[in-house]
2 protein chains.
Amino acid sequence: MTQSSRPRDRTGGGERGGRPDATALLAVRFGLSAATTGNPRIATGDVPAWLERVRRHGGFAVSRIPFAALDQWSFHPGTGNLGHSSGRFFTVEGLRVSGGDWGAGGFTQPVVNQPESGILGILAREIDGVLHLLMQAKMEPGNTGLVQLGPTVQATRSNYTRAHRGGPTRYLEHFTGPGRGRVLVDVLQSEQGDSFWHKRNRNMVVEVSGDIPVQDGHQWMTLGQVHALMGTAHLVNMDVRTVLSCLPLGGGETPGPDLPGTSGDISFHRALARSLGPGARAVHDELELLSWLTDLRTDSTVSAGLVPLRGLAGWRQDEDAIAEESGTRLKVIAVSVRAGTREVTRWTQPMLEFPGQGVAAFVVKRIDGVLHILMQGKAQPGIRDAVELAPTVQCVSRNWEEVPPRSRPPMLDHVLRAARARVRFDAVLPEEGGRFYHRDNRYLVVEADDDFPAAEPDTMRWATLNQLKTLMRYGTYVNVEARTLIACLQSLWPGDR
Amino acid sequence: MTQSSRPRDRTGGGERGGRPDATALLAVRFGLSAATTGNPRIATGDVPAWLERVRRHGGFAVSRIPFAALDQWSFHPGTGNLGHSSGRFFTVEGLRVSGGDWGAGGFTQPVVNQPESGILGILAREIDGVLHLLMQAKMEPGNTGLVQLGPTVQATRSNYTRAHRGGPTRYLEHFTGPGRGRVLVDVLQSEQGDSFWHKRNRNMVVEVSGDIPVQDGHQWMTLGQVHALMGTAHLVNMDVRTVLSCLPLGGGETPGPDLPGTSGDISFHRALARSLGPGARAVHDELELLSWLTDLRTDSTVSAGLVPLRGLAGWRQDEDAIAEESGTRLKVIAVSVRAGTREVTRWTQPMLEFPGQGVAAFVVKRIDGVLHILMQGKAQPGIRDAVELAPTVQCVSRNWEEVPPRSRPPMLDHVLRAARARVRFDAVLPEEGGRFYHRDNRYLVVEADDDFPAAEPDTMRWATLNQLKTLMRYGTYVNVEARTLIACLQSLWPGDR
């Protein structure tokens, strides 16, 4: 492994462009927000009750329906693809995959094709010297508990251009058009590569300077409050997690003298703070990481393409589901929704349902005093670039408990059997509730033992949080499961101050 | 326009990762190579004669043939797509495009579908303290003059994995596998978005430390020599130009005190050197550029997809061409090739032929002493991300002289009618000769007048060379025509030293 060092007085920003250390300054400001949990507007402990109140007052109801009861959605007579009469929103189509681990035979499955990019946007504002985020109590039909903590705006282009002829998307004007505030984060990121075809959403954080009205169902909260809620089951939604993972965060800790490289010599939190800082010694420099990823992308033999939903081999369509015969794969279902506070108050739509619970985990390790994450270069069929950086363990497309031993991903058992003291984060978190029905995965951050193998498998590399956050500024390098885990990991900082 | 500044002692590298200022050091080493034109192995002036010698000794011959004379290539009975019997190399298929500037009706045309990534690789080696590049006298059937100056390795995956059952690709082992040298550049970049479907090639520069044998048809040359040849018509091929555009280059010039912002106050070359440096004041910081590009990508309504080649509306297939009825668009043709020094010595293949000559131009301007380029965010149907940064003027898909006045791109006449003193670069350069038949475009770098409008059109932004080179480390941000112009522009430095 190549060791490297950087001048100690470098504090960030790098080649981001113009302003002096704009990124570093922003990282410090978000660091202060992360360290702040007091908030006279809403106490952190009251957030679950607030979400519950919104749920009760919203008059929400979601029920499974047969496909024949779908309104404005229908199966195309030729292809069997399931689409909306407007031609907008999304379609459910077939996906054929071959090559790579799947061999020449490959497999087929239904997939959600949603070519347009939505906006996942959080408004930020400095209140009493601390950045606050405008969070939303957001209902989605697939959410466990229906209402979860969402970003200020979470809308597909079809929604915010009002293809559904409903009301306007609140706060949208702060994210689009020339009058918007100061853009702090703005990048297209991929979503679930096992069930979306080339889907990307625009992750945004925009800072406003003046006071703006707080509408029903919204609250200003500090980053520290959201971090504190991250470990609560089914609470912070996926859209919040991916946006927060893109934030510059850090500052306050200079690298300081180096200590010997065993984990006992430096606290976990100090190693985490160093991992977030741009001056950290990394096992690999960025060019090494990029070149390794380019190797994987170039060598990938995975071939994936859309095919008609009708007649997918091994899949059967009945009145209320399209399912694979084994029952271990996703299903296409339909739901009816009533929602008093949404842009439209009643609709029906198809959704995807997943069997059981998946698991995704980071294995992390303090290396020369800096926390590193073992990232996997993982091929997924719905990803535009075939391979992105994924968690060390990612087993989310089916119930991990039912994966037979010889098919279990490397290190799955290592993370599931880790001693309690090494488990830094462990929670069941929801995936996107607008397309997935009750899809929850268990997310784990597990610290490696001192005797964890130092040698990296060909498909894995150690990286720091700062390296991942730098790559994420340029788009689709880090997949959505890894971005959730980045948000989980950063929520542990600065826990012990 | 937002002005910004950075500490003067920042010398590069930024957040590239580990090693201290590795990028800055590399930029200085390539800067030294760019400033060196003396070479006892081959004088710059002798390069054209060397290429001519290789051409004569190679026994090359290329002739147009009817489709029926193609060997191993055939039209698919169902789709009419033109493919190779191995299923490798590439196919010629149909493309349907609608939306954006093309409206709901859109258009159709043939397109080359080549999903696999090839390698465009240059070996570098320090000789007498100066980095030298191993250049190749490279024959391609579509080249004007047949033999042009190419990179060390220029091979599709089908070639280098020997799908053609020919000889091995020379020097390939230095670019792939664990024994390769030190990787200096390694990134997937897009190619022509008007005629390739999602094509990308891997641009690489690898440094070797020991002596390696120089095979027939190869020569060690300095970067300065290649730069000096850049303005010669039909000489430096596209593959060299795109790889060189990815090089870190600069150093030697610290920003120094700022001068008033008129072009007369600082020399063009000093402004160019500053544009290459990471410390330069830029009109926009990187986040502003990225957010503007994300706006264009999100708002793009261009929809493009592959369709069967058979029965494209408005296109007619006869014995030896597939052509559009107006005659102003590309044609599909077939050629027979004899080549003594290629991996296989005889083959036939389809190619694309373009009508007349296109034009692509950078408008550049000294702003506060730093050279800026007016980049266009341009939608092209074959580009994965829909929109990339393109030259200020890009009119390469048809003969620019025949474009009617009302369809002429903005600023086309501005660059064609510029006073001679403002034209910093002007040459006819070849496009890729493995797929295109005699496709040449005129490339111009034109300096704006002092009274050039400061306001940017919505689809254009001023950027420095360093900003473009930083984005290019992360992949498909800058299109191939703009990368050629970046290579042309950097070839002007350090001309007056």
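Heads up: the structure comes first, above all this text.
The notes below deal with the structure included here. All of these numbers come straight from a predicted model, not from anything done at the bench. (Residues numbered from 1 in each chain as written. Chains lettered and ligands numbered in written order. Predicted model: local features only at pLDDT ≥ 70, side-chain atom pairs only at ≥ 80, totals over all residues. Heavy atoms only, no water.)

1. Considering the side chain of H132 of chain A
Residues and elements named next belong to chain A. Selection rule: Every helix listed is a DSSP run of H or I at least four residues long, and every strand listed is a run of E at least two residues long, numbered separately from the N terminus. In protein, a polar contact requires one atom able to donate a hydrogen and another able to accept it; more generally it is a pair of N or O atoms within 3.5 Å, and residues adjacent in sequence count only if both atoms are side-chain atoms. In what follows, residue pairs with any heavy atoms lying within 4.5 Å of each other are defined as contacts.
Relative to the helices and strands, H132 resides in strand β7 (residues 130–139). Side-chain polar atoms of H132 contact the backbone oxygen of V130, separated by 2.8 Å. Once residues within four sequence positions are removed from consideration, H132 is found in contact with N39, R41, L123, A124, R125, I127, W220, M221 and T222.

2. Topic: helix α5 (residues 238–245) of chain A
Residues and elements named next belong to chain A. The criterion, for reference: Whether a residue is buried, partly exposed or exposed follows from its accessible area with a 1.4 Å probe, protein chains only, as a fraction of its type maximum: under 20%, in between, or over 50%, in that order.
Of all 8 residues that make up α5, 8 are buried, and the element is covered over most of its length. All of the buried residues in α5 are M238, D239, V240, R241, T242, V243, L244 and S245. Capping the start of α5 is the job of one residue whose side-chain oxygen sits 3.1 Å from the backbone nitrogen of D239: N237.

3. Comments concerning the pattern of salt bridges
Stated formally: A carboxyl oxygen of Asp or Glu within 4 Å of a side-chain nitrogen of Lys or Arg is what we treat as a salt bridge.
If you walk through the whole model with that rule in mind, you get 48 salt bridges over all chains. E116 of chain B serves as the salt-bridge partner of R88 of chain B, at 3.9 Å between the closest nitrogen and oxygen. Highlighted residues: R88 of chain B in the loop between β3 (82–84) and β4 (91–98) and E116 of chain B in the loop between β5 (107–113) and β6 (118–127), separated in sequence by 28 residues. Across the pair D211 of chain B and R125 of chain B runs a salt bridge whose closest N-O atoms are separated by 3.2 Å. Pair noted here: D211 of chain B is in the loop between β12 (200–207) and β13 (218–222) and R125 of chain B is in strand β6, with a separation of 86 residues, a long-range link. Residue R125 of chain B is classed as buried on the basis of its relative accessible area, which comes to 15%. One connected set of salt bridges, linked through shared partners, spans R29, E126, R182 and E207 of chain A.

4. Considering the packing of helix α7 (residues 286–299) of chain B against helix α9 (residues 465–472) of chain B
For any two helices packed against each other, one specifies the crossing angle of their axes together with the interaxial distance. Residues and elements named next belong to chain B. Using the following cut-off: Note on definitions: angles span 0 to 180 degrees between N-to-C directions of axes, and those axes are lines fitted to C-alpha atoms, for helices only across the stretch in contact. By definition, any crossing whose near helix is turned counterclockwise from its far helix by less than a right angle is left-handed, and any crossing with a clockwise turn is right-handed.
With their axes 11 Å apart at the nearest point, α7 and α9 run at an angle of 60 degrees to one another. Like other packed secondary-structure pairs, α7 and α9 cross with a definite hand, here right-handed. Residues E286, L289 and L290 of α7 pack against Q467, T470 and L471 of α9.

5. Considering the pairing of strand β6 (residues 118–127) of chain A
Residue and element names in this part refer to chain A. To keep things clear, this is the line we draw: Only strands joined by at least two bridges in the DSSP assignment are considered to pair.
Among the 10 residues that make up β6, 9 are buried, leaving the element largely enclosed by the rest of the structure. When β6 meets strand β12 (residues 200–207), the two strands line up parallel, connected through 7 bridges. The partner of G118 across the bridge, within β12, is N201. Of the strand pairs in this sheet, β6 and strand β9 (residues 153–155) are connected by 3 bridges, and their pairing is antiparallel. Each residue of the ladder has a partner; that of I119, found in β9, is A155.

6. Here we look at the packing of aromatic side chains
Worth spelling out the cut-off: Only Phe, Tyr and Trp rings take part, Trp by its six-membered ring, and two of them pair if their centres are within 6.5 Å. Stacked means planes under 30 degrees apart, edge-to-face means over 60, and tilted covers everything else.
By the definition in use, this model includes 15 aromatic pairs over all chains. Both rings, one in F67 of chain A and one in F75 of chain A, keep their centres 5.3 Å apart while their planes meet at 90 degrees; by these two values the pair is edge-to-face. Judged by its relative accessible area of 7%, F67 of chain A falls in the buried class. Taking the relative accessible area as the measure of exposure, F75 of chain A reaches 24% and is therefore partly exposed. Here Y477 of chain A and Y474 of chain B contribute two aromatic rings whose centre-to-centre distance is 6.3 Å and whose plane-to-plane angle is 85 degrees, an arrangement assigned as edge-to-face. Placement of Y477 of chain A in the loop between α9 (465–472) and α10 (480–490) and of Y474 of chain B in the loop between α9 and α10 (480–490) is noted, with the two residues assigned to different chains.

7. Here's the deal with the state of the cysteines
Condition: Two cysteine sulfurs form what is called a disulfide whenever their separation falls within 2.5 Å.
Counted by the stated rule, this structure contains 0 disulfides over all chains. Not engaged in a disulfide, the cysteine C246 of chain A finds its nearest cysteine sulfur in C488 of chain A; these two sulfurs lie 14 Å apart. Its sulfur unpaired, C395 of chain B is 17 Å from the next cysteine sulfur, which belongs to C488 of chain B. Among the residues examined, C395 of chain B registers a relative accessible area of 8% and is labelled buried.

8. Some thoughts on the pairing of strand β17 (residues 331–338) of chain A
All names here are of chain A. Across 5 bridges, strand β1 (residues 61–65) lies against β17 in antiparallel orientation. Considered in β17, the bridge of V62 is made with V337. The sheet contact formed by β17 and strand β18 (residues 346–353) spans 8 bridges and is antiparallel. If you follow S336 over to β18, its bridge partner there is T348.

9. Observations concerning the packing of α9 of chain A against α10 of chain A
Residues and elements named next belong to chain A. Threshold: Comment on the angle field: the value is read as roughly parallel under 35 degrees, roughly antiparallel over 145, roughly perpendicular from 65 to 115, and oblique elsewhere. Classification convention: Asp, Glu, Lys, Arg as charged; Ala, Val, Leu, Ile, Met, Phe, Trp, Tyr, Cys, Pro as nonpolar; all other residues, Gly among them, as polar.
Close contact between α9 and α10 brings their axes to 12 Å; oriented N to C, the two are set at 135 degrees. By the angle between their axes, α9 is oblique relative to α10. In this structure, the crossing between α9 and α10 has a hand that is left-handed. Here L465, L468, K469 and M472 of α9 lie close against α10, whose contacting residues are R483, I486, L489 and Q490. Looking at the contact of α9 with α10 residue by residue, the classes come out as 5 nonpolar, 1 polar and 2 charged.

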